[in-house]
Amino acid sequence: MKRITLLLCAIFSISLAFSQNTVTGTVTDTNKEVLPGANILEKGTNNGTSTDFNGKFSLTVKDGAILVISFAGYETEEVSVNGKTNLTIVLSEGLHLDEIVITGNRIKPRTILDSPVPIDNIDVRELQKSGKNTLDRMLTFKVPSFNSQNQAISDATAHYDPADLRGLGPSRTLVLVNGKRKNQSAQVYLNRTPGKGEVGVDLKSIPTAAIERVEILRDGASAIYGSDAIAGVMNIILKKNVQYSTFTTKAGITSERDGFNLSSDFNTAFNFGDGGFVNITLGYYNQETTNRAGIVSDVGGTPRDAAWLAANPKAGMTVGQPAMEKKDLFVNLEHPIGEKSTLYSFHGYTTRDGQSFAYYRAPYWRNDVANANFITRDPDDFIGYQPTFETKINDYISSLGIKFPIAEGWNADASVTYGSNDVDVTVNNSVNRDYLADHNTSPRSFNPGGYRFTNVVGNFDVNTQFSEQVGFAFGFEYKKESFSAIEGNPLSYYGAGSDSFAGIKPAEAGTWSRRNFAVYSQLEYDINKDFLLGVAGRYEDYTDAGSNFSWKVNGRYKLGNNGAFRASYSTGFRAPTLHQSHITLSQYIIVAGSSEPLLQGTLANNNPAVQALGVPTLTHETSKNIAAGMTYKFNRNFSASVDFYQIKVDDRVLFSSQIGSDSDPSTTNPVEQILQDNNVVAVQVFINAGDTKTTGTDIVLNYRNIRVGENGKLHASFAANFNKTTIAAINTPQIIANAGYNIFDRQEQGLIINSRPKSKMILGLNYISDKWDISFNNTRFGEVTITAPESGGTDQDLSSKIATDLGFGYNLTDRITFNANINNIFDVYPDVTKTSTNTSQAGSRFKYSSEVQQLGQLGTNFSIGLNYQF
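These numbers come from a predicted model, not from an experiment.

Draft legend 1. How the structure looks around the overall build of the protein. Of regular secondary structure, the protein possesses 13 helices and 43 strands. Over its C-alpha atoms the protein spans a radius of gyration of 28 Å, differing by no more than 12% from the 29 Å that the globule rule assigns to 870 residues. Residue burial in the protein is summarised as follows: out of 870 residues, 61% are buried. A fraction of 70% describes how many contacts in the protein between residues 6 or more apart in sequence connect residues 24 or more apart. In the form shown here, the protein has an accessible surface area of approximately 31700 Å², with 55% of it arising from carbon and sulfur atoms.

Draft legend 2. Expanded view of the sheet that holds strand β6 (residues 77-80). Pairing within the open sheet is antiparallel, and its four strands lie in the order β3-β2-β5-β6. Two strands in the sheet have a free side with no partner beyond their single neighbour: β3 (48-50) and β6. If you compare each strand with its neighbour and ignore which way they point, the axes differ by 20° on average. Taken together, the four bridges between strand β2 (residues 39-42) and strand β5 (residues 66-70) define a ladder with antiparallel strand orientation. Within the sheet, the bridge partner assigned to Glu42 lies in β5 and is Leu67.

Draft legend 3. Region of interest: unusual backbone geometry. Notably, Asp827 is not glycine yet its phi reads approximately 55°, a positive angle. With respect to the helices and strands, the residue Asp827 is situated in the loop between β42 (816-823) and β43 (861-869). For Asp827, a relative accessible area of 31% corresponds to the partly exposed category. We note that Asn838 has phi near 60°; this positive angle belongs to a residue other than glycine. Within the element layout of this structure, Asn838 appears in the loop between β42 and β43.

Draft legend 4. Looking closely at the sheet that holds strand β7 (residues 86-91). On the basis of which strands lie adjacent, the open sheet formed by three strands has the order β4-β1-β7 and mixed pairing. Single-partner strands in this sheet number two, and they are β4 (56-61) and β7. Neighbour-to-neighbour, the strand axes of the sheet open up by a mean angle of 30°, direction not taken into account. Across six bridges, strand β1 (residues 21-29) lies against β4 in antiparallel orientation. Looking at β4, one finds that Val23 is bridged to Leu59.

Draft legend 5. Molecular detail of empty space enclosed by the protein. The space that makes up the second largest cavity amounts to roughly 610 Å³. Looking at the second largest cavity, it is lined by 46 residues, and the ones nearest its centre are Arg137, Gln149, Asn150, Gln321 and Leu858. Counting residues per element, the lining of the second largest cavity draws most heavily on strand β17 (residues 246-254), which supplies four residues. Residues belonging to the lining of the second largest cavity are distributed by class as follows: 14 nonpolar, 25 polar and seven charged.

Draft legend 6. Layout of the layout of surface pockets. Of the volumes computed, that of the second largest pocket is approximately 1400 Å³. The wall of the second largest pocket is formed by 45 residues, among which Lys43, Gly44, Lys108, Pro109 and Glu468 lie closest to the centre. When contributions to the lining of the second largest pocket are tallied by element, the ones reaching two or more residues are β2, β5, β6, β9 (110-111), β22 (388-407), β23 (410-428), β24 (446-465) and β28 (546-559). Counting residues per element, the lining of the second largest pocket draws most heavily on β24, at three residues.

Draft legend 7. View of the confidence of the model for the protein. On average, the protein scores 89 in pLDDT, and the residues at 70 or more come to 94%. Residue range residues 2-19 is modelled with pLDDT below 50. Its contacts to residues more than four positions away, or to other chains, number 27 contacts.

Draft legend 8. Inspection of a positive patch on the surface at higher detail. Side chains of Lys624, Lys648, Lys693 and Lys724 sit close together on the surface and give a patch of like positive charge. Position of Lys724 relative to the elements: it lies in strand β36 (residues 712-730).

Draft legend 9. View of a nonpolar patch on the surface. Together, Phe466, Leu523, Val535, Tyr539, Phe549, Trp551 and Val553 make up a nonpolar patch on the protein surface, roughly 620 Å² of accessible area in all. Among the elements of the structure, β27 (531-542) and β28 are those that each provide at least two residues to the nonpolar patch. By residue number, the principal contributor to the nonpolar patch is β28, which donates three residues. Secondary-structure assignment places Val535 in strand β27. Relative accessible area serves as the criterion here: at 41%, Val535 is assigned to the partly exposed category.

Draft legend 10. Just the environment of Ile727, in detail. Secondary-structure assignment places Ile727 in strand β36. Classification of Ile727 as partly exposed rests on a relative accessible area of 23%. When the C-alpha positions of Ile727 and Gly690 are compared, they lie 7.2 Å apart, and in sequence the two are 37 residues distant. Discounting chain neighbours no more than four positions away, the residues touching Ile727 are Asp691, Thr692, Gln749 and Ile753.

Draft legend 11. Local environment of the packing of aromatic side chains. Under the counting rule described, the total for this entry stands at 26 aromatic pairs. For the pair Tyr868 and Phe870, a centre-to-centre distance of 5.2 Å together with 25° between the ring planes defines the contact as stacked. In this structure Tyr868 comes out as partly exposed when scored by relative accessible area, which is 37%. Three or more aromatic residues link up through ring pairs in this structure, and these residues are Trp410, Phe466, Phe472, Phe474, Phe476 and Phe517. One residue, Arg352, lies across the ring of Tyr160, its end atom 5.5 Å from the ring centre.

Draft legend 12. Broad picture of the pairing of β23. As paired elements, β22 and β23 share 19 bridges and run antiparallel to each other. From the neighbouring strand, Asp395 faces β23, where its bridge partner is Asn421. Pairing of β23 with β24, which is carried by 17 bridges, proceeds in the antiparallel orientation. Opposite Asn421, over in β24, you have Phe453 as the bridge partner.

Analysis parameters
Residues numbered from 1 in each chain as written. Predicted model: local features only at pLDDT ≥ 70, side-chain atom pairs only at ≥ 80, totals over all residues. Heavy atoms only, no water. Helix = DSSP H or I, 4+ residues; strand = E, 2+ residues; numbered from the N terminus. Rg over C-alpha atoms; globule rule 2.2 N^0.38 Å. Buried < 20%, exposed > 50% of the residue type's maximum accessible area, 1.4 Å probe, protein only. Contact = heavy atoms within 4.5 Å. Areas by Shrake-Rupley, 256 points an atom, 1.4 Å probe, with all protein chains shown as cover. Pairing = 2+ DSSP bridges. Axes fitted to C-alpha atoms, helices over the stretch in contact; angles between N-to-C directions. 1 Å grid on protein atoms, 1.4 Å probe; cavity = no way out; pocket = protein on both sides within 12 Å on 5 of 7 lines; lining within 4 Å. Points joined across faces, edges and corners; volume = space filled by probe spheres on them. Nonpolar A, V, L, I, M, F, W, Y, C, P; charged D, E, K, R; others polar. pLDDT = per-residue confidence, 0-100. Patch = residues over 30% accessible without salt bridge, like charges linked within 9 Å, V, L, I, M, F, W, Y side chains within 5 Å. Salt bridge = Lys/Arg side-chain N within 4 Å of Asp/Glu carboxyl O. Lys, Arg positive; Asp, Glu negative; His and termini not counted. Charge placed at Lys NZ, Arg CZ, Asp CG, Glu CD. Phe/Tyr/Trp six-rings, centres within 6.5 Å; stacked < 30°, edge-to-face > 60°. Lys NZ or Arg CZ within 6 Å of the ring centre and 35° of its normal.

Structure follows, in structure tokens:
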């Protein structure tokens, strides 16, 4: 870390002798209407910006620079600066295929049409029109292959909401911010939800007010970016030198009159030094809980219990989105150093407090607490209690770098990026039942501890053009990661621990770290104006997971100026996270066949007892990706693309099924011995045990600039993803198999193959005039399946559902816009879970499944907002 910082300082001092120029301008169409959100890029570099609401931009460039201007639905233009300081640029109507993107290529930016891999370029304004409140929710209703929904009653997972591309799990989507790796979250998802056993990036930590656009690479990219880039890459580009300050506020509520939310954010930029800028974003968001609990099937065994159930038909449950208060601060800055170098830095800090609810401890579940006369003096007055699960989550990202020439035609980018995410847990309104039994009293509030994940990433990237046809890039990466489990208060883990979530014990606490070194190279050859070939390779060496070499070949053949065939083949990998390698804990969860939570233990993969069962030390997953597709613009307004893919993942890290005692009480097998030694009813471990295959198709159609009236335009779009994952093999260690255990039973397999929609289609219409911006979107979520456990039950296919959203924007003035949204107009919910599934619905407390996800459980919701520029 120190050496990298010294290197940056040295480069900084060498470059101080140079200078650059700032150019401003306005981008309009042929009717002189301004184009907000147009991309401005300095040709041959990654230096760029976008126009503001009034079509204006400001960009610091080198002498003699050429600007490349692109905008969805318009032809790309190139303009020479030639000493000019103010430009007026007119774009003719065309298609989004001419937009410039920077993700997936270390050599130089390319248009979407020129790229040999499929890339979505989504302006943040398109996302904000959805009326959704967070980035993960916006992307769910914009990108067919992206999925994320709120997880109710799932401990800390409820405060993160696992997100993924192509149903491959949160761990296999790489997230970048301004091209730099975003740190993962501190939380591993342990409950039975999509993404169980995995670790993702905390997308709630990135405020949309700070974002300019999101580029999504829908192809494997481990050969370029390293671990995690199996399903694809999301690159979140932050705003730069915006022309105006923007204040936005919004409020919303559901048709059930719950889930009230309020948000306000402010984004501004100012000049910094000679030609530099600083962009600042402040954000605030607050949401209240929702409740979609079902009517329980419990039967009261005593007059007290019967009376309580009559008064509480939902058994006191709260099933829905958690309460949350979030605060954001993001800063993005650049400053030229001489004519050819640029110093850049960005920093983000998000803190949020959340409150979700555990299962309500019904009075007949906790007769021991009632009889202790602790909460009530008379057991007949005891009404149970509902523990709350409260989190304090902090997320940081900070990056410092410099772009500079190292020789004529050779450009370098040196940077250091720090990221961290931590979660601290408080359980309120609970009891430690063992402490109560031993001492006739118990705390009601507990601090079970928490988790923290940090990384430091140093990058040195170089690119050049050997000729007009041949480009080359190479680079190095050094990364250090650290994961900490923080001990809870002793009373939180006394005996069985605090009811609902036991604290982290001293033996479970600790800090673990690892290092990784990587080197990569990429070569592209434009054989002629139509035919492009590219190759890339990357070598990684982890101190805990070993080494790997990933490679990729891709190609593109243009069909004149209007279309292209593209194809790629690549290998990839994902190193197991430190969380998966080292976490050890016990907690209350619902076990199939039990109507109330039981204690479950997770033992670290490197625990001697686990390895004695034949569970090997965790190593990296490997993948083989193949993709092919075509994109074509039929005329200036209509374009289409279709891409096919297949992704095979071997040695996939799985979070095993709950393994408990067998049916023979006369013997003790090795697994039972582990359970006895750790005083738990079931055990789970992380293991490289799964081989999967995912196949699918992406379809995108766009028809733009349909004239409506004198000054109105209508844009129509259709996007779809069809996706299927199958499990080719589950490799169970011999000792466990011989004892008759299934290490990954059908219910766990169902979370991989059935918990995300196998198809999603989005049909959108957007009408824009001088005053109005009206959007109408229909999102169809395909079938998912609730998988019955091994113990019995019938699988239930949940039918496809369509969410219909309507959004309005009205320009009160040139600077003030009023917005309103009605989402899920027809109040659509998932199918009600049948009791015949025999899944963990705990006496019908969950009306809708907590194990599979489609459109969520909010129902109709309304919002209004105001946007003010000054």
